[in-house]
Amino acid sequence: MQHNSTITLPPEQDSEEALASRRRRLRFRASHRGTFETDALIGGFVEENVGTMNAAELTDMEAILEIPDPDLTDWLFGRLPLPPERETPMLRRMVDACRAKGVGIAG
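Predicted model only: the values in this text are computed from it and were never measured.

### Describing the overall build of the protein
Then, number 1: When its secondary structure is counted, the protein shows five helices and zero strands.
Then, number 2: The order of helices and strands in the protein, counted from the N terminus, is α-α-α-α-α.
Then, number 3: Here the protein, with 107 residues, has 35% of them falling under the buried criterion.
Then, number 4: Summarising the internal contacts of the protein: among those between residues at least 6 apart in sequence, 58% fall at separations of at least 24.
Then, number 5: Of the roughly 7,000 Å² of accessible surface on the protein, 56% is carried by carbon and sulfur atoms.

Okay, structure coming up:
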């Protein structure tokens, strides 16, 4: 008896197909945070940058989206400093992008 089944393995995390799927999920999650301000800030940043993010940067961004909105918006608006223990290259990039656009408290 001949058996003609194929096994489909999940794509590697950094395959182009997997990266494209992760980018689509990030775009959606970043622009559906729950408040207009966070949707605009975070969603805008992701939309501008996600197309060039590699697998490690996508992982960093996915972790950022797990941060509660009150903490994240306080850091992005400059109401509170970004705690060193929470700082990642991507989160620093987001904070700097917000400051460059004049978001938040002037200091």
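### Some points on the nonpolar core
Then, number 1: One finds I42, M61, I64, L72, L76, L91 and M94 to be the most contacted residues of the largest nonpolar core, which totals 25 residues.
Then, number 2: Going through the elements one at a time, α1 (16–30), α2 (36–49), α3 (55–64), α4 (69–77) and α5 (89–100) are the ones with two or more residues in this core.
Then, number 3: It is α5 that contributes the most residues to this core, five residues altogether.
Then, number 4: Those residues in contact with L76 that sit more than four places away from it in its chain are L41, I42, M94, V95, C98, R99 and V103.

### Focus on the packing of α2 against α4
Then, number 1: Running from amino to carboxyl end, α2 crosses α4 at an angle of 60°, the nearest separation of the two axes being 11 Å. The hand of the α2/α4 crossing is left-handed. Within the contact between the two elements, α2 uses E37, T38, L41 and I42 and α4 uses D69, L72, T73, L76 and F77.
Then, number 2: Tallied by class, the residues present in the contact of α2 with α4 amount to five nonpolar, two polar and two charged.

Thresholds applied
Residues numbered from 1 in each chain as written. Predicted model: local features only at pLDDT ≥ 70, side-chain atom pairs only at ≥ 80, totals over all residues. Heavy atoms only, no water. Helix = DSSP H or I, 4+ residues; strand = E, 2+ residues; numbered from the N terminus. Buried < 20%, exposed > 50% of the residue type's maximum accessible area, 1.4 Å probe, protein only. Contact = heavy atoms within 4.5 Å. Areas by Shrake-Rupley, 256 points an atom, 1.4 Å probe, with all protein chains shown as cover. Core = buried A, V, L, I, M, F, W, Y, C linked by side-chain atoms within 4.5 Å. Axes fitted to C-alpha atoms, helices over the stretch in contact; angles between N-to-C directions. Left-handed = near helix turned anticlockwise from the far one by under 90°. Nonpolar A, V, L, I, M, F, W, Y, C, P; charged D, E, K, R; others polar.

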